[in-house]
Amino acid sequence: MAMELRELTVPEGREIYEMVREIGSGENGFVNSLYIAGYSKFLKLLPVLRDYSAGTGLPPGHVPQTLYFLYAEGRPVGYGKLRHWLTDSLRVTGGHIGYCIRPTARGMGYGTALLAGLLDKASELGIRRALLTCNEDNMGSRRVIENNGGSMAELDNRYCRYWIDLLDVSPAEDRDKSK
Ligand SMILES: CC(C)(COP(=O)(O)OP(=O)(O)OC[C@H]1O[C@@H](n2cnc3c(N)ncnc32)[C@H](O)[C@@H]1OP(=O)(O)O)[C@@H](O)C(=O)NCCC(=O)NCCS
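Per an unreviewed UniProt entry, the protein goes by GNAT family N-acetyltransferase and derives from Paenibacillus sophorae.

Spelled out as structure tokens, the structure:
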């Protein structure tokens, strides 16, 4: 199946808006940052979130964060957030990466594929070890993390923390190796 990860751009079409509406406000600790009623309001929110990626206009205490959409056969099926580094708060809950698959596309391997793509992006950003967190009873998310090589480091107050070691290979070094 053809899958592709695309960074948020301005503007986005209605298909992304519809996916965001289907996801709702969020669940299991995932906050749907794009959830807003009305396509015109959604369009106004997009540049704000895009600018967070460059560290512009961040809410107090927040770090730069980039949003990526997962497309399968041309249809958006979910999205994820990549935080560029950790804060003390993110070390406790949140970690480097948050993700969500739209309810009508769950159980088809997209969550696993989305996290794999986000880990590649994290590696490109220079993150060597990614922290993933989730509720103990979120079995879907735990499997997604384990499918991507996560091993649980801590179970604290019904909250799991996983670390995933990322390849320490910059794209330039990678290209050199293929010569
Ligand atoms: C968690 C979530 C991303 C999983 O997405 P998905 O596309 O269904 O995941 P996959 O299809 O890749 O499934 C991965 C594995 O989890 C299992 N799984 C998925 N949902 C499950 C559930 N509700 N209960 C138990 N196992 C589940 C699948 O069977 C699969 O197992 P396998 O690898 O052993 O075959 C999705 O349910 C979701 O968006 N949930 C709401 C937001 C959320 O919880 N985000 C994570 C916050 S930490």
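What follows continues from the structure just given.
What follows covers the nonpolar core. Among the nonpolar cores identified, the biggest contains 26 residues, and Ile 97, Tyr 99, Leu 115, Leu 132 and Ile 145 are the most heavily contacted of them. Of all elements in the fold, only β4 (65-72), β5 (75-83), β6 (97-101), α4 (110-124), β7 (129-135), α5 (139-147) and β9 (159-165) reach the threshold of two or more residues within this core. The element that contributes the greatest number of residues to this core is α4, accounting for six residues. Ignoring anything within four residues of it in the chain, the contact list for Leu 132 reads Ile 97, Tyr 99, Leu 115, Ile 145, Cys 160, Arg 161, Tyr 162 and Ile 164. The next biggest cluster of nonpolar side chains, apart from the first, holds 19 residues, and it includes Val 20, Leu 34, Leu 45 and Leu 49.

What follows covers the pattern of salt bridges. Evaluation of the coordinates by the stated rule reveals nine salt bridges. Note that Asp 165 and Arg 129 form a salt bridge whose closest N and O atoms lie 3.8 Å from each other. On the criterion of sequence distance, the pair formed by Asp 165 in strand β9 and Arg 129 in strand β7 is long-range, its members being 36 residues apart. Relative accessible area serves as the criterion here: at 62%, Asp 165 is assigned to the exposed category. Here Arg 129 falls in the partly exposed class, since its relative accessible area comes to 43%. Here Arg 161 ties to Asp 156 by a salt bridge, and the two come within 3.3 Å at their closest N and O atoms. Take Asp 156: its relative accessible area is 35%, and that puts it in the partly exposed class. The network of salt bridges with shared partners includes Glu 154, Asp 156 and Arg 161.

Our next topic: the sheet that holds β9. Reading across the sheet, the three strands line up as β7-β9-β8 and stay open at both edges, with antiparallel pairing between neighbours. Edge positions in the sheet fall to β7 and β8 (151-156), since each of these pairs with one other strand and no more. Each strand of the sheet is rotated relative to its neighbour by a mean of 25°, with strand direction disregarded.

Once that is clear, we can look at the site of the ligand. For the ligand, the set of nearby residues contains 21 residues, the closest of which are Ile 101, Gly 107, Gly 109, Thr 112 and Asn 147. In the model, an oxygen atom of the ligand is placed 2.7 Å from a nitrogen or oxygen of the Gly 109 main chain. Here the ligand has 930 Å² of accessible area as a free molecule, and 70% of this is covered by the chains. With six residues, α5 is the single largest residue contributor to the shell around the ligand. Across the shell around the ligand, the residue classes break down as eight nonpolar, 10 polar and three charged.

Helix length check: helix α2 (residues 39-53), at 15 residues, gives a terminal C-alpha distance of 22 Å against a target of 21 Å (1.5 Å per residue), a fit within 8%. Looking only at α2, the buried set comprises Tyr 39, Phe 42, Leu 45, Leu 46, Leu 49, Tyr 52 and Ser 53. Those residues of α2 that are buried lie in contact with β1 (3-7), α1 (14-23) and β4. At the C-terminal side of α2, Gly 55 shows a positive phi close to 80°.

Conventions used here
Residues numbered from 1 in each chain as written. Predicted model: local features only at pLDDT ≥ 70, side-chain atom pairs only at ≥ 80, totals over all residues. Heavy atoms only, no water. Core = buried A, V, L, I, M, F, W, Y, C linked by side-chain atoms within 4.5 Å. Buried < 20%, exposed > 50% of the residue type's maximum accessible area, 1.4 Å probe, protein only. Helix = DSSP H or I, 4+ residues; strand = E, 2+ residues; numbered from the N terminus. Contact = heavy atoms within 4.5 Å. Salt bridge = Lys/Arg side-chain N within 4 Å of Asp/Glu carboxyl O. Pairing = 2+ DSSP bridges. Axes fitted to C-alpha atoms, helices over the stretch in contact; angles between N-to-C directions. Near = heavy atom within 4 Å. Polar contact = N/O pair within 3.5 Å; in protein donor to acceptor, adjacent residues only side chain to side chain. Areas by Shrake-Rupley, 256 points an atom, 1.4 Å probe, with all protein chains shown as cover. Nonpolar A, V, L, I, M, F, W, Y, C, P; charged D, E, K, R; others polar. Expected span 1.5 Å × (residues − 1).

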